[in-house]
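# Per-entry structural report
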Amino acid sequence: MLEALAITPQALGKWGLRPAGKVGREVFYNLEDVFRAWVEKRGASEIIGNLDDDEAETARQVTQGRLEEEYKLTKARRISQELKNEEKEGRLISTDFATFALSRIAAQIATILDTLPLSMRRAHPDLEPRHIDALTREIAKARNTAAQVDELLPELVEEYVESLSETD
């Protein structure tokens, strides 16, 4: 079959065909895959040359559409791999991890904020109760905001993504 199509066994490898099987040094390919690759690589111009103008134009459009789809798929795979590489290198994290980490940090901050009025009272006994009360109210606001980080983060991510799409 390879002789009839004027294909070398090495060409099949270069075309990216995957073998259907191997026995010793012999490599076997699926007939349909070989023929499809031959049509795409070599035979397309010969086949199109035998068609009338309308059929040839349709064949060219189909071929162009297939090439565009292959390009898009290849680009998407490349981008996906780049993102995986950046994630492995620690330069990219998921929003789930960010939510988890920030909620832990916010809990630690809330604990510190809870003890702040008492620490101020001990460090500065001359402060009036109204000053400590005002400080306690402001700290309560900050503590409540810190406690809501895990709820606020998904909303902030959505807002950020929307702002990015508006600038495009």
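Rules and cut-offs
- Residues numbered from 1 in each chain as written.
- Predicted model: local features only at pLDDT ≥ 70, side-chain atom pairs only at ≥ 80, totals over all residues.
- Heavy atoms only, no water.
- Salt bridge = Lys/Arg side-chain N within 4 Å of Asp/Glu carboxyl O.
- Helix = DSSP H or I, 4+ residues; strand = E, 2+ residues; numbered from the N terminus.
- Buried < 20%, exposed > 50% of the residue type's maximum accessible area, 1.4 Å probe, protein only.
- Axes fitted to C-alpha atoms, helices over the stretch in contact; angles between N-to-C directions.
- Contact = heavy atoms within 4.5 Å.
- Nonpolar A, V, L, I, M, F, W, Y, C, P; charged D, E, K, R; others polar.
- pLDDT = per-residue confidence, 0-100.
- Expected span 1.5 Å × (residues − 1).
- Arc of directions from axis to C-beta.

### Considering the pattern of salt bridges
Close approach of charged atoms lets side chains of opposite charge pair. Here the structure, examined in full by the defined rule, presents five salt bridges. With its nearest N and O atoms 3.0 Å apart, the salt bridge here joins Glu 82 to Arg 78. Placement of the pair is Glu 82 and Arg 78 together in helix H4 (residues 53–88), with a separation of four residues, close to one helical turn. One salt bridge in this structure joins Arg 91 and Glu 89, with 2.7 Å as the shortest N-O distance. Look at Arg 91 and you get exposed, because its relative accessible area is 59%.

### Description of the packing of helix H6 (residues 129–147) against helix H7 (residues 149–167)
Between H6 and H7, whose axes approach to 5 Å, the crossing angle comes to 60°. Across the interface between the two elements, Thr 145, Ala 146 and Ala 147 from H6 touch Val 149, Asp 150 and Leu 152 from H7. For the contact of H6 with H7, the per-class residue count stands at four nonpolar, one polar and one charged.

### A closer look at the confidence of the model for the protein
For the protein, the mean per-residue pLDDT works out to 82, and 89% of the residues sit at or above 70. Predicted confidence in the protein is weakest over helix H3 (residues 31–49), with a mean pLDDT of 69, and strongest over H6, with 90.

### Things to note about H6
Note on helix geometry: an α-helix contains 3.6 residues per turn, so any two residues three or four positions apart are oriented the same way. Between the first and last C-alpha of H6 there are 26 Å, a value that for 19 residues agrees with the 27 Å anticipated at 1.5 Å per step. All of the buried residues in H6 are Ile 132, Ile 139, Ala 140 and Ala 146. Buried residues of H6, viewed axially, fall in a sector of 125°; they line one side. Those residues of H6 that are exposed and angled more than 90 degrees off the buried face are Arg 130, Arg 137 and Lys 141. At its buried positions, H6 is contacted by helix H5 (95–123) and H7.

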